[in-house]
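Reading the structure
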Amino acid sequence: MATAKHQILIVGGGTAGITVAARMLRKGYTDVALIEPASTHYYQPLWTLVGGGQAKASTTERTEASVMPKKATWIKNAASALDPDNNTVTCADGATYEYDVLVVCPGIQLDWNRIDGLEGTLGKDGVSSNYRFDLAPRTWDFIRTTRSGSAVFTMPSGPVKCAGAAQKIAYLACDHWRKEGVLDDIDVHLVVPTPRIFGIPAIADNLDPIIADYGIHLHTNSEVTSVDAEGRKVAVTSVGEGGTNTTLPYDVLHVVPHQSAPDWIKSSPLSTGDANGYVDIDKHTMQHVRYPNVFSLGDAGSSPNSKTGAAIRKQAPVVADNIDSFLKNQALGAEYHGYASCPIVVSSHAMLLAEFDYSMQMTPSIPFLDPAKPHRAYWYLKKYGLPFLYWNLMLKGRA
Ligand SMILES: Cc1cc2nc3c(=O)[nH]c(=O)nc-3n(C[C@H](O)[C@H](O)[C@H](O)COP(=O)(O)OP(=O)(O)OC[C@H]3O[C@@H](n4cnc5c(N)ncnc54)[C@H](O)[C@@H]3O)c2cc1C
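As a starting point, this report considers the structure included with it. Just so it is clear, the structure is predicted and the values come from calculations on it, not from any experiment.

Some thoughts on the state of the cysteines
What the rule picks out here adds up to zero disulfides. Between Cys 105, a cysteine without a disulfide, and Cys 91, which holds the nearest cysteine sulfur, the sulfur-to-sulfur distance is 14 Å. We classify Cys 105 as buried; its relative accessible area is 6%. Of all cysteine sulfurs in the structure, the one in Cys 162 sits closest to Cys 342, which takes part in no disulfide; the separation is 5.2 Å.

If you want it as structure tokens, here you go:
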């Protein structure tokens, strides 16, 4: 039995959920509720800089209460089951909420257990990941204290949020080790599942010399499949033509975990039904392909864009406009074309801002800067400009 009904019910008060809620309230809707269990909201893009010793972890967190739109109803609970045939969401404590329109955006699940031996060693003995708020400062501890030996940075196969994260922290670490005069004493390996370091050839062409300049051994079409914490070595397995099958020792290991939809979405009628199990939406309208009163965006949606906050900045207005049209019985007119951006920090003073759409065509926002090359101006944008825009405009439904 439903305990309450809301016209617009949003699951997840992260980047996507808060942005869409703010936009619906701005459009004049008054019954907007968010199901969100956490007390803290994070600006995750800065975790890369935290791991690289360029930002403090505390600058990336704010209370959830401070970002929750004042006129939204906050249901401080975790969704655990979706029943779109009856328009209800059930939460962990058994409470059930009914809706006219549902927006599903609880982010992505970090599947640490898909790399054997990894979970137990996280945060210890040189092993870390910028994918957790508590671990990002540990990454910097390990980088800062390493003066020689071997370092491995790895990215898994399958969709992940911020696909550039593995290489960014490798570059920041090398930049630091070079400044300390110890880079030549550290054997650095970057393991990626893709045929090249980046999917856009013009950008890969500019990253290859940076990798060579740092002396990084790049293993393409490969991924780390297990960690031997006691022996301090990882198994690298080929996942494509020319991939590497080997064992690498490490003193520092930075891992990007495999990722997929939360398990309770995978097992729901809203899922695509494949192994990743994302919410099955039309990639342009963001509307569910079987349940027209359900929308999704952000990391939990099946749209085949690069999973980033930058993508959500363009998806949120589309979702808000299309919900408005749906509730007014009008045809959905807004479309998302796959915009995403990947800010690739290549040192402590330069960044390349890869902006592209579904067709992998570059779509630069700043026309006078070559989008395939690193620039100092982008570094300041990453460290100061984008966080400011995030907290003050995007989450308020403005940017
Ligand atoms: C290391 C790192 C670097 C990144 N760098 C960049 C970058 O440079 N640029 C960029 O644009 N993006 C970057 N990203 C990606 C970006 O942070 C995400 O794509 C974005 O936050 C996704 O937003 P979301 O709302 O889908 O999920 P999230 O922001 O993760 O929010 C999900 C919310 O759902 C809540 N939730 C979880 N389970 C439930 C449940 N059962 N019921 C209800 N609520 C639930 C969570 O508590 C959370 O508040 C990076 C991410 C990481 C980890």
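With respect to empty space enclosed by the protein
Summary: where empty space remains is shown by rolling a probe the size of a single water molecule over the atoms. Under the defined criterion, the tally for this structure stands at one cavity of 30 Å³ or more. For the largest cavity, the calculated volume is near 30 Å³. Residues that form the lining of the largest cavity fall into these classes: two nonpolar, four polar and two charged.

Observations concerning helix H9 (residues 376-392)
For H9, spanning 17 residues, the distance from its first C-alpha to its last is 24 Å, which sits close to the expected 24 Å at 1.5 Å a residue. Taking the largest bend as the criterion, H9 deviates by roughly 45°, centred on Lys 382. Buried residues of H9: Tyr 378, Trp 379, Lys 382, Pro 387, Tyr 390 and Trp 391, and no others.

Re the packing of aromatic side chains
Within the structure shown, the criterion is met by eleven aromatic pairs. The interplanar angle of 55° and the centroid separation of 6.3 Å between the aromatic rings of Trp 47 and Phe 133 together place this pair among those described as tilted. Of the two residues, Trp 47 is situated in helix H2 (residues 47-51) and Phe 133 in the loop between strand E10 (127-128) and helix H4 (136-145); the sequence distance between them amounts to 86 residues. Ring-pair connections join several aromatic residues into one group, and the members of that group are Tyr 42, Trp 47 and Phe 133. The residue whose ring lies beneath Lys 283 is Tyr 358, and the NZ or CZ to ring-centre distance is 4.7 Å.

As for the sheet that holds strand E16 (residues 246-249)
Pairing within the open sheet is antiparallel, and its three strands lie in the order E14-E15-E16. Since the sheet does not close on itself, it has two edges, and those belong to strand E14 (222-228) and E16, each with one partner. The sheet shows a mean angle of 30° between the axes of neighbouring strands, direction not considered. Where strand E15 (residues 233-238) and E16 come together, four bridges link them in antiparallel fashion. Paired with Lys 233 across the strands is Pro 249, a residue of E16.

A closer look at the side chain of Ser 347
Tracing the chain through its elements places Ser 347 in the loop between strand E20 (340-345) and strand E21 (351-356). For Ser 347, a relative accessible area of 4% corresponds to the buried category. In this structure the side chain of Ser 347 is engaged in a polar contact, spanning 3.1 Å, whose partner is the backbone nitrogen of His 349. Only 3.2 Å separates the side chain of Ser 347 from the backbone nitrogen of Ala 350, close enough to count as a polar contact.

Section: the layout of surface pockets
Put simply, the second largest pocket is a space of about 560 Å³. Along its surface, the second largest pocket is lined by 28 residues, and Met 155, Ala 163, Thr 194, Gly 199 and Met 360 are the ones closest to its centre. In terms of residue class, the lining of the second largest pocket is built from 16 nonpolar, nine polar and three charged.

About the thresholds
Residues numbered from 1 in each chain as written. Predicted model: local features only at pLDDT ≥ 70, side-chain atom pairs only at ≥ 80, totals over all residues. Heavy atoms only, no water. Disulfide = S-S within 2.5 Å. Buried < 20%, exposed > 50% of the residue type's maximum accessible area, 1.4 Å probe, protein only. 1 Å grid on protein atoms, 1.4 Å probe; cavity = no way out; pocket = protein on both sides within 12 Å on 5 of 7 lines; lining within 4 Å. Points joined across faces, edges and corners; volume = space filled by probe spheres on them. Nonpolar A, V, L, I, M, F, W, Y, C, P; charged D, E, K, R; others polar. Helix = DSSP H or I, 4+ residues; strand = E, 2+ residues; numbered from the N terminus. Expected span 1.5 Å × (residues − 1). Bend = angle between axes of the 7 residues up to and from the residue. Phe/Tyr/Trp six-rings, centres within 6.5 Å; stacked < 30°, edge-to-face > 60°. Lys NZ or Arg CZ within 6 Å of the ring centre and 35° of its normal. Pairing = 2+ DSSP bridges. Axes fitted to C-alpha atoms, helices over the stretch in contact; angles between N-to-C directions. Polar contact = N/O pair within 3.5 Å; in protein donor to acceptor, adjacent residues only side chain to side chain.

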